[in-house]
Each structure stands twice: as structure tokens, then as C-alpha cells.
Amino acid sequence: MEKKKIVLGVIGSDCHAVGNKILDFAFTQAGFEVINIGVLSPQEDFINAAKETNADAIVVSSLYGQGELDCQGMRDKCDEAGLEGILLYVGGNIVVGKQDWNEVHKRFKAMGFDRIYAPGTPAETTIADLKTDLKVEE
């Protein structure tokens, strides 16, 4: 069976590379083909990589707290680029300060993200969700 493809990267002006490398390793070990676009990545880089590789999902990481700003309009841009329905995941420290997680989750859902992960979510949780959402058989 062909491996499912995931575009992974750190959005915006965020340069946190260690978590990105850990996720890359974890997703690869779990059987996914990872297209890692690295850090300091604008939305367009995620979208272009997904188009070029025919990816099944985009996983956006943000640790510097500006993820909410960096992710605005991403679903619309995906749709405009012909990526309607592509899975959009986001996680990390995606907002500034201590905010009610339910409210943060609602805002990212409203922006079109399929899965939103709180700080400290284990990679195994995201892997399990990817396998479920992409119907990966073990």
C-alpha cells in the first residue's frame, strides 16, 4: 500500500526546529511519507509543497505563540489552490498567553482546521488521528 504523504513545517517567523525534527522522525517511523519544509515557512510553502507532492495532509507547527495570526485564511488558500478537503492539522503553542483552550479550539475550527492540538500533546496522538482520518490500515 502506498504511504500517505504529510507536509510538515513550522509556520511564520517561528524558528523552533527541534520539535519539527522530532515530529518528522515520529511520523516517518509511523509509516508516513513526510515532506518537511522546515522552519520560518509561510502558508504558501505548505500549500505549494502539498500541491507538488499530492499530499494527504498538512501539519502546521507553531511554538512562538503567533500561530493564530499565521494560520488565518489558510483553509481558503488551500481551497483556492485546488486542495479542497486536504486535512489541516495545527499544534503547539499556537496562541499567546494562557487562554481558555476550548475557545482557542473553536477559533481554529472556525478557520477550517480539522485537528487542533494543545501544547504538550504527544506525537502519538497526532499519529493516531492521522491514521484514523486518512483511513490507514495497520
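On a predicted model such as this, the values are computed, not experimentally measured, just so you know.

Reading the values: the criteria
- Residues numbered from 1 in each chain as written.
- Predicted model: local features only at pLDDT ≥ 70, side-chain atom pairs only at ≥ 80, totals over all residues.
- Heavy atoms only, no water.
- UniProt positions renumbered as here; feature names shortened; annotations may be inferred.
- Helix = DSSP H or I, 4+ residues; strand = E, 2+ residues; numbered from the N terminus.
- Core = buried A, V, L, I, M, F, W, Y, C linked by side-chain atoms within 4.5 Å.
- Buried < 20%, exposed > 50% of the residue type's maximum accessible area, 1.4 Å probe, protein only.
- Contact = heavy atoms within 4.5 Å.
- Lys, Arg positive; Asp, Glu negative; His and termini not counted.
- Salt bridge = Lys/Arg side-chain N within 4 Å of Asp/Glu carboxyl O.
- Polar contact = N/O pair within 3.5 Å; in protein donor to acceptor, adjacent residues only side chain to side chain.
- Expected span 1.5 Å × (residues − 1).
- Arc of directions from axis to C-beta.

Let us now look at the UniProt feature "domain: B12-binding" (unreviewed entry) in the chain. Mapped onto this structure's residue numbering, the UniProt feature "domain: B12-binding" (unreviewed entry) falls at residues 3-138. End C-alpha to end C-alpha, residues 3-138 measures 12 Å, and it is 42% helix and 23% strand.

A few words now on the nonpolar core. Core analysis: the largest hydrophobic core is formed by 24 residues, its most contacted members being Ile 58, Val 60, Met 74, Phe 108 and Phe 113. Among the secondary structure elements, those contributing two or more residues to this core are strand S1 (5-11), helix H2 (43-53), strand S3 (57-62), helix H4 (74-80), strand S4 (87-92) and helix H5 (101-110). Looking at this core, the element that brings in the most residues is H2, giving 4 residues. Residues in contact with Val 60, not counting those within four places in the same chain, are Gly 9, Ile 11, Phe 46, Cys 71, Met 74, Tyr 89, Val 90, Gly 91 and Phe 113. Residues Phe 32, Tyr 89, Ala 123 and Ile 127 belong to the second largest nonpolar core, which totals 16 residues.

Counting through the fold element by element, Lys 5 comes out in strand S1. Notably, Lys 5 is buried but unbridged: the nearest opposite-charge side chain belongs to Glu 2, and the N-O separation is 4.5 Å. Within the local environment of Lys 5, its side chain forms a polar contact with the backbone oxygen of Thr 53, the two atoms lying 3.0 Å apart. The contacts of Lys 5, once residues within four sequence positions are left out, are Glu 33, Ile 35, Thr 53, Asn 54, Ala 55, Asp 56 and Ala 57.

For helix H1 (residues 17-29), built from 13 residues, the straight-helix expectation of 18 Å at 1.5 Å per residue is met to within 8% by its first-to-last C-alpha distance of 18 Å. Every buried residue of H1 is listed here: Asn 20, Leu 23, Ala 26 and Phe 27. Along the axis of H1, the buried positions cluster into a sector of 130°, meaning they face one direction only. In H1, the exposed residues that point more than 90 degrees away from the buried face are Val 18, Lys 21, Ile 22, Phe 25 and Gln 29. For H1, the secondary structure elements touched by its buried residues are S1, strand S2 (33-41), S3 and helix H6 (123-133).

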